[in-house]
Amino acid sequence: MTDTFEHAPRVWTAGRLRDALSSVPDDAPISIGVADGPGDFNGYSEYALVNFEAVEPERPASPGTQPQGTDVEYMLMADYRAGRYHHDED
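These lines cover the structure that appears in this document, whether it is placed above or below. All values reported here derive from a predicted model rather than from experimental measurement.

Description of the overall build of the protein chain
Reasoning step 1: Of the regular secondary structure elements, the protein chain holds 1 helix and 3 strands.
Reasoning step 2: Within the protein chain, residue pairs in contact and separated by at least 24 positions form 32% of the contacts whose partners lie at least 6 positions apart.
Reasoning step 3: Total accessible area on the protein chain stands at roughly 8500 Å², and carbon and sulfur atoms take up 51% of it.

This is the structure in structure tokens:
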């Protein structure tokens, strides 16, 4: 039997992000550390923040009904940090 658990991270609001950045210089680069597993920041991958976008994820509908519409959410977009990488062939 597989062990499962509920993972509910506290998602930051725009206000909390603004507060966190209030003393950071305008030209400071921002990196994002992505956890290796739910809540596991002992091992993480580091990415560079490269964009910010408003997205409208479609909300799933209940069976036999229309989709429930969209709500705008905001997403920070990350890419690999600058460096030299091997090109992966598909």
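Still to come is the rest of the account.
Thoughts on the pattern of salt bridges
Reasoning step 1: A complete count under the given rule lists 1 salt bridge for this structure.
Reasoning step 2: Taking the shortest distance from any N to any O, the salt bridge between Arg81 and Glu46 comes out at 2.1 Å. Taken as a pair, Arg81 in the segment after strand S3 (73-80) and Glu46 in strand S2 (residues 40-55) lie far apart in primary sequence, 35 residues in all.
Reasoning step 3: The class of Arg81 is partly exposed, set by a relative accessible area of 38%.
Reasoning step 4: Taking relative accessible area as the criterion, Glu46 reaches 37% and is therefore assigned partly exposed.

Side note on the pairing of S2
Reasoning step 1: With 6 bridges connecting them, strand S1 (residues 31-37) and S2 associate as antiparallel partners. Pairing of Val34 across the sheet is with Ser45, part of S2.
Reasoning step 2: Hairpin remark: S1 followed by S2, antiparallel, with 2 residues in the connecting loop; positive phi at Gly39, about 75 degrees.
Reasoning step 3: Two strands pair when backbone bridges link them, and S2 and S3 are joined in this way by 8 bridges, in the antiparallel orientation. Among the inter-strand pairings, Leu49 is bridged to a residue of S3, identified as Ala78.

Concerning the sheet that holds S3
Reasoning step 1: As summarised here, the arrangement of the 3 strands in space is S1-S2-S3, forming an open sheet in which the pairing is antiparallel. Unpaired on one side and paired on the other, S1 and S3 mark the two borders of the sheet. Adjacent strand axes in the sheet meet at a mean angle of 55 degrees, parallel and antiparallel pairs treated alike.

Describing a nonpolar patch on the surface
Reasoning step 1: A surface patch of nonpolar side chains, about 810 Å² in accessible area, is lined by Trp12, Leu17, Leu21, Val24, Ile30, Phe52, Val72, Tyr74 and Leu76.
Reasoning step 2: Counting only elements with at least two residues in the nonpolar patch, the list comes to helix H1 (14-21) and S3.
Reasoning step 3: Along the chain, Phe52 falls in strand S2.

Here we look at the packing of aromatic side chains
Reasoning step 1: Tallied over the entire structure, the rule returns 3 aromatic pairs.
Reasoning step 2: Residues Tyr47 and Tyr80 carry aromatic rings whose centres are separated by 5.3 Å and whose planes lie at 65 degrees to one another, so their mutual orientation is edge-to-face. With Tyr47 in strand S2 and Tyr80 in strand S3, this residue pair connects regions lying 33 residues apart in the sequence.
Reasoning step 3: Overall, the relative accessible area of 54% leaves Tyr80 in the exposed class.
Reasoning step 4: One aromatic cluster is present, built from ring pairs that chain together Tyr47, Tyr80 and Tyr85.

Cut-off values and rules
- Residues numbered from 1 in each chain as written.
- Predicted model: local features only at pLDDT ≥ 70, side-chain atom pairs only at ≥ 80, totals over all residues.
- Heavy atoms only, no water.
- Helix = DSSP H or I, 4+ residues; strand = E, 2+ residues; numbered from the N terminus.
- Contact = heavy atoms within 4.5 Å.
- Areas by Shrake-Rupley, 256 points an atom, 1.4 Å probe, with all protein chains shown as cover.
- Salt bridge = Lys/Arg side-chain N within 4 Å of Asp/Glu carboxyl O.
- Buried < 20%, exposed > 50% of the residue type's maximum accessible area, 1.4 Å probe, protein only.
- Pairing = 2+ DSSP bridges.
- Axes fitted to C-alpha atoms, helices over the stretch in contact; angles between N-to-C directions.
- Patch = residues over 30% accessible without salt bridge, like charges linked within 9 Å, V, L, I, M, F, W, Y side chains within 5 Å.
- Phe/Tyr/Trp six-rings, centres within 6.5 Å; stacked < 30°, edge-to-face > 60°.

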